[in-house]
Number of protein chains: 2
Amino acid sequence: MAEADEVNNKQIILRDYVTGFPKESDMILSSTKIQLKVPEGSKSVLVKNLYLSCDPYLRGRMNRIPLRNIPSFTPGSPLQGFGVSKVIDSGHPDFKEGDLVWGLTGWEEFSLISVTDTMKIPNTLTKIKYTDVPLSYYTGLLGMAGLSAYAGIYEVCTPKKGDYVYISSAFGAVGQLIGQFAKLMGCYVVGSAGSNEKVNLLKNKFGYDEAFNYKEEPDLNEACTYFHRRFLNIIFLSNCRYFPEGIDVYFENVGGPMLDAVLLNMRIKGRIAVCGMISQYNLEKPDGVQNLFCLVSKRIRMEGFNVLDYYHVYPQFLELTHQYIKEGKIFYVEDTVEGLEKAPAALIGLFTGGNVGKQVVVVAHE
Amino acid sequence: MAEADEVNNKQIILRDYVTGFPKESDMILSSTKIQLKVPEGSKSVLVKNLYLSCDPYLRGRMNRIPLRNIPSFTPGSPLQGFGVSKVIDSGHPDFKEGDLVWGLTGWEEFSLISVTDTMKIPNTLTKIKYTDVPLSYYTGLLGMAGLSAYAGIYEVCTPKKGDYVYISSAFGAVGQLIGQFAKLMGCYVVGSAGSNEKVNLLKNKFGYDEAFNYKEEPDLNEACTYFHRRFLNIIFLSNCRYFPEGIDVYFENVGGPMLDAVLLNMRIKGRIAVCGMISQYNLEKPDGVQNLFCLVSKRIRMEGFNVLDYYHVYPQFLELTHQYIKEGKIFYVEDTVEGLEKAPAALIGLFTGGNVGKQVVVVAHE
């Protein structure tokens, strides 16, 4: 193999397992060498990484015991996540040099990807079908975040026209899309986010009926008009200003006190799709949720789901969403940082709400 | 109307709304007069009450703000609940003197029941079909408790043969039956209860595969072998001794720390049917449940239900359960007290676990 094929490969390495709130110093920018050729006889694919996706679930993989049933990262090795890449060399018959792909890759400039990886998350790269949209969309809108929104709304929550839908973390990678899908289904949609900038975008760009900055909601214990006043101990929605009739469908992205407040305001036979609980990922001891009796008194169904169970509906999701994008019915806001070295700060920013929209790291522009 | 028709009517009156743990003195034995005739022109039914059902949900009706969406009791008026009665006089064409009925009645010797009551709970009396079983069964096994078990298992949880099923408060009015239904469906069934007497009956009379006394379980934080050790803060099932493979279906009757422990031990795609949360009814501030992230990591469906939504399946439930009783496939243990004056203590006993089986108050033997 020619000497010229070996290049430097910058990587973001996990220093050690993390407890509590992650710090930039938990991740190290490092460099190694990599041959730009797939080893002889291997069916692997060598890719150049273009865009990497920052997702809250990655925090769970930094624990010694993973938060979900996805393996923890290995200290001393690069982080992994979903990304958009270009094939440099391939030993696999389904891929050839120059192909644009999305899937699970490393937080590094070049990755050698074993397509027969036995990890439970989708272990094959997917060839990118539509290139008439920004390629970075495949880290979010047309990737796992988008599919999460689609599965959550069409397969788990199944709102009907006229339903009252509430979305927390509504400006996040998943949240943005849920509200727009729900609006297209004829629902009344309210979202919350952590800044007035996000709130304005939700209302004015995404067409949410209402949106509010949860950080600015006063403690409104006194004002709740819905039942279960005796259980009331928290804020946010508790005056029902945004939902005088209550909530039919709640798309849960944050957990903790927000969930407690929502439970009080759910309607009879409401549905809660639990996609994530970002407020809890860095806590040593999770918040206790007190209003679960509402599940009984209001016959609520609360269901956790994982996008990986819905990978089979990706093709129909892609067709629908691509069409909506082309018709200008769906918008998507990304927050991009340039350069792999900025990835650790971008990831940590998810937990402080620093990002405005889907957080993408640009490793290279093709 | 003849003077002889007026008799004394002992009643159990709610003194005032209750907060915290109920006391016997929250209920008063009182007496009034009642005409043993339905008023001229009324379509009401006058019944003599035989058996009254003590149910945990009655506690919620003692609050100023009811715990469920069933109206609170009125201070100064008798409690209400399900019971078995005999028709003394009827203005309603569907009922005649001597009929045995079950349904919502007063905690008193005689009740004048308006069959067109607009309360949301079933407002019609139901004529008793089978009298070859103890009539008191219609307060529990063949009444709302039995229908709760049937709906919970056949409509909400839908366990498959071989599923691991766990039932808390397994010796309660509902719990007894759930485990027996689940066994008849071919499940592996474990129940917990609050005394060794109950545990022995679960194993030896009801055929549970395992049962344990939750009061005797040590704190086993260290011993949990299932994932989410970082979230672990409680006891009970946490060493998985009873569920080395985890729990597919949990029938929730108690809430609080038990739910937290169960969440840690649920299997992927597990189902939790939430029937009640008896441990929480007397608390000013409910316990916080910390392990809800398990809903996401294990894609769990948790669903509250109310038997009143399943009243339409009562006929098929009755046929199945009556047949099981006649075939000796289902047993039911009742704890009876004799005399209306013992009703307050019997009701309170539900919350200390004093009863062994379904708690029934015998007001009169026909």
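Located above this text is the structure these notes cover.
Every value quoted in this text rests on a predicted model; they were computed, and no experiment measured them.

Caption draft 1: Structural context of the overall build of chain A. Summing up its helical and strand segments, chain A has eight helices and 15 strands in all. Evaluated residue by residue, chain A yields a buried proportion of 61% over its 366 residues. Partitioning the contacts of chain A with sequence separation of at least 6, the portion at a separation of at least 24 is 70%. Accessible area for chain A stands at about 13,700 Å²; split by element, carbon and sulfur atoms hold 49% of it.

Caption draft 2: Representation of the relation of the copies chain B and chain A in the model. Between the two copies, chain B and chain A, the superposition gives an RMSD of 0.0 Å; the rotation angle is 180° and the shift along the axis is 0.0 Å. Classification of the inter-copy transformation places it as that of a two-fold axis. Scanning chain B for the C-alpha nearest the rotation axis identifies B:Gly288, at a separation of 1.9 Å. Mapped onto chain A, 100% of the interface residues of chain B again fall at the interface, so both copies present the same surface.

Caption draft 3: The arrangement of helix 5 (residues 257-265) of chain B in detail. Residue and element names in this part refer to chain B. Where burial is concerned, most of helix 5 is hidden: eight out of the nine residues are buried. Restricting attention to buried positions, one finds in helix 5 the residues Met258, Leu259, Asp260, Ala261, Val262, Leu263, Leu264 and Asn265. Tucked inside the fold, the buried residues of helix 5 contact strand 8 (164-167), strand 9 (188-193), strand 11 (247-252), strand 12 (266-274), helix 6 (293-297) and strand 13 (301-304).

Caption draft 4: Molecular detail of the packing of aromatic side chains. As enumerated under the stated definition, the model contains 38 aromatic pairs over all chains in all. Considering the side-chain rings of B:Tyr154 and B:Phe181, the 5.5 Å spacing of their centres and the 75° angle between planes classify their relative orientation as edge-to-face. Of this pair, B:Tyr154 sits in helix 2 (residues 144-157) while B:Phe181 sits in helix 3 (residues 175-184), and the two are 27 residues apart along the sequence. B:Tyr154 sits in the partly exposed class, given a relative accessible area of 26%. A residue is classified by how much of its surface remains accessible, and B:Phe181, at 0% relative accessible area, is buried. Three or more aromatic residues joined by ring pairs make a cluster, and in this case those are A:Phe82, A:Trp102, A:Tyr150, A:Tyr154, A:Phe181, A:Tyr311, A:Tyr314, A:Phe317 and A:Tyr324.

Caption draft 5: Molecular detail of the pattern of salt bridges. Residues and elements named next belong to chain A. As enumerated under the stated definition, the model contains 32 salt bridges over all chains in all. The salt bridge involving glutamate 341 is made with lysine 10; its shortest N-O contact spans 3.9 Å. Note that glutamate 341 is positioned in the loop between strand 14 (334-338) and helix 8 (343-349) and lysine 10 in strand 1 (residues 6-14), a separation of 331 residues in sequence. A relative accessible area of 41% means that glutamate 341 is categorised as partly exposed. Of the residues examined, lysine 10 reaches a relative accessible area of 31% and is grouped as partly exposed. For aspartate 26, the salt bridge is made with lysine 23, and the minimal N-O distance between the two is 3.5 Å.

Caption draft 6: Spotlight on helix 4 (residues 196-204) of chain B. All names here are of chain B. Buried residues of helix 4: Lys198, Val199 and Leu202, and no others. The buried side chains of helix 4 occupy one side of the element, clustering within an arc of 100° when seen end-on. Looking at the buried side of helix 4, the elements it contacts are strand 9 and strand 10 (210-213).

Caption draft 7: Expanded view of the interface of chain B and chain A. Facing the 39 residues of chain B at the interface are 40 residues of chain A. Of the roughly 3,700 Å² buried between chain B and chain A on both sides combined, carbon and sulfur atoms contribute 61%. Run the count over chain B and chain A and you get four salt bridges. Between A:Lys269 and B:Asp309 there is a salt bridge, with the nearest N and O atoms lying 3.6 Å from each other. Of all elements in the fold, only strand 12, helix 6 and strand 13 of chain B reach the threshold of two or more residues within the side of chain B that touches chain A. When the residues that make up the side of chain B that touches chain A are grouped by side-chain class, the tally is 20 nonpolar, nine polar and ten charged. The sheet contact formed by strand 13 (residues 301-304) of chain A and strand 13 of chain B spans three bridges and is antiparallel. Residue pairing for strand 13 of chain B: A:Arg301 is matched across the bridge by B:Glu303.

Caption draft 8: Region of the structure containing the side chain of A:Gln290. Tracing the backbone through its elements, the reader meets A:Gln290 in the loop between strand 12 (266-274) and helix 6 (294-297). From its side chain, A:Gln290 meets the backbone oxygen of B:Pro286 in a polar contact 2.7 Å long.

Caption draft 9: View of the nonpolar core. Counting 226 residues, the largest nonpolar core has A:Tyr138, A:Tyr250, B:Tyr138 and B:Tyr250 as its most contacted members. Here A:Tyr138 is in contact with A:Val84, A:Trp102, A:Ile128, A:Lys129, A:Tyr130, A:Val133, A:Gly143, A:Tyr314 and A:Leu318, once residues within four sequence places are set aside.

Caption draft 10: Main features of the sheet that holds strand 8 of chain B. Here we have twelve strands laid out as an open sheet, ordered 10(A)-9(A)-8(A)-11(A)-12(A)-13(A)-13(B)-12(B)-11(B)-8(B)-9(B)-10(B), and mixed in their pairing. Two strands close off the open sheet at either side, each with one partner strand: strand 10 (210-213) of chain A together with strand 10 of chain B. Sheet twist, expressed as the mean angle between neighbouring strand axes with direction ignored, is 15°. Packing of helix 2 of chain B onto the sheet brings it into contact with strand 11, strand 12 and strand 13 of chain B, and relative to strand 11 of chain B it is tilted by some 145°. With respect to the sheet, helix 3 of chain B is in contact with strand 8, strand 9 and strand 11 of chain B, its orientation differing from that of strand 8 of chain B by roughly 170°.

Caption draft 11: Molecular detail of the state of the cysteines. Inspection of every chain in the model, using the stated rule, returns zero disulfides over all chains. Distance from the sulfur of A:Cys54, which forms no disulfide, to the nearest cysteine sulfur (A:Cys275) is 17 Å. Here B:Cys187 stays free of any disulfide, with the sulfur of B:Cys157 as its closest cysteine sulfur at 9.5 Å. Given a relative accessible area of 3%, B:Cys187 falls into the buried group.

Caption draft 12: How the structure looks around unusual backbone geometry. Despite not being glycine, A:Ser169 has its phi angle at roughly 50°, a positive value. Looking at where A:Ser169 falls in the secondary structure, it is placed in the loop between strand 8 (164-167) and helix 3 (175-184).

Caption draft 13: Structural context of the packing of helix 2 of chain B against helix 3 of chain B. All names here are of chain B. Closest axis-to-axis distance for the helix 2/helix 3 pair is 8 Å, and the angle between their directions is 40°. One finds that helix 2 runs oblique with respect to helix 3. In this structure, the crossing between helix 2 and helix 3 has a hand that is right-handed. On helix 3, the residues touching Gly146, Ala149, Tyr150, Ile153 and Tyr154 of helix 2 are Leu177, Ile178, Phe181 and Ala182. Grouping the amino acids of the contact of helix 2 with helix 3 by side-chain chemistry returns eight nonpolar, one polar and no charged.

Caption draft 14: A look at the side chain of A:Asn9. Residues and elements named next belong to chain A. Along the polypeptide, asparagine 9 turns up in strand 1. The buried category is assigned to asparagine 9, whose relative accessible area is 1%. Among the polar contacts made by the side chain of asparagine 9, one reaches the main-chain amide nitrogen of phenylalanine 110 at a distance of 2.8 Å.

Cut-off values and rules
- Residues numbered from 1 in each chain as written.
- Chains lettered and ligands numbered in written order.
- Predicted model: local features only at pLDDT ≥ 70, side-chain atom pairs only at ≥ 80, totals over all residues.
- Heavy atoms only, no water.
- Helix = DSSP H or I, 4+ residues; strand = E, 2+ residues; numbered from the N terminus.
- Buried < 20%, exposed > 50% of the residue type's maximum accessible area, 1.4 Å probe, protein only.
- Contact = heavy atoms within 4.5 Å.
- Areas by Shrake-Rupley, 256 points an atom, 1.4 Å probe, with all protein chains shown as cover.
- Least-squares fit on C-alpha atoms with pLDDT ≥ 70 in both.
- Phe/Tyr/Trp six-rings, centres within 6.5 Å; stacked < 30°, edge-to-face > 60°.
- Salt bridge = Lys/Arg side-chain N within 4 Å of Asp/Glu carboxyl O.
- Arc of directions from axis to C-beta.
- Buried area = accessible area lost by both parts, 1.4 Å probe.
- Nonpolar A, V, L, I, M, F, W, Y, C, P; charged D, E, K, R; others polar.
- Pairing = 2+ DSSP bridges.
- Polar contact = N/O pair within 3.5 Å; in protein donor to acceptor, adjacent residues only side chain to side chain.
- Core = buried A, V, L, I, M, F, W, Y, C linked by side-chain atoms within 4.5 Å.
- Axes fitted to C-alpha atoms, helices over the stretch in contact; angles between N-to-C directions.
- Disulfide = S-S within 2.5 Å.
- Parallel < 35°, antiparallel > 145°, perpendicular 65-115°, else oblique.
- Left-handed = near helix turned anticlockwise from the far one by under 90°.

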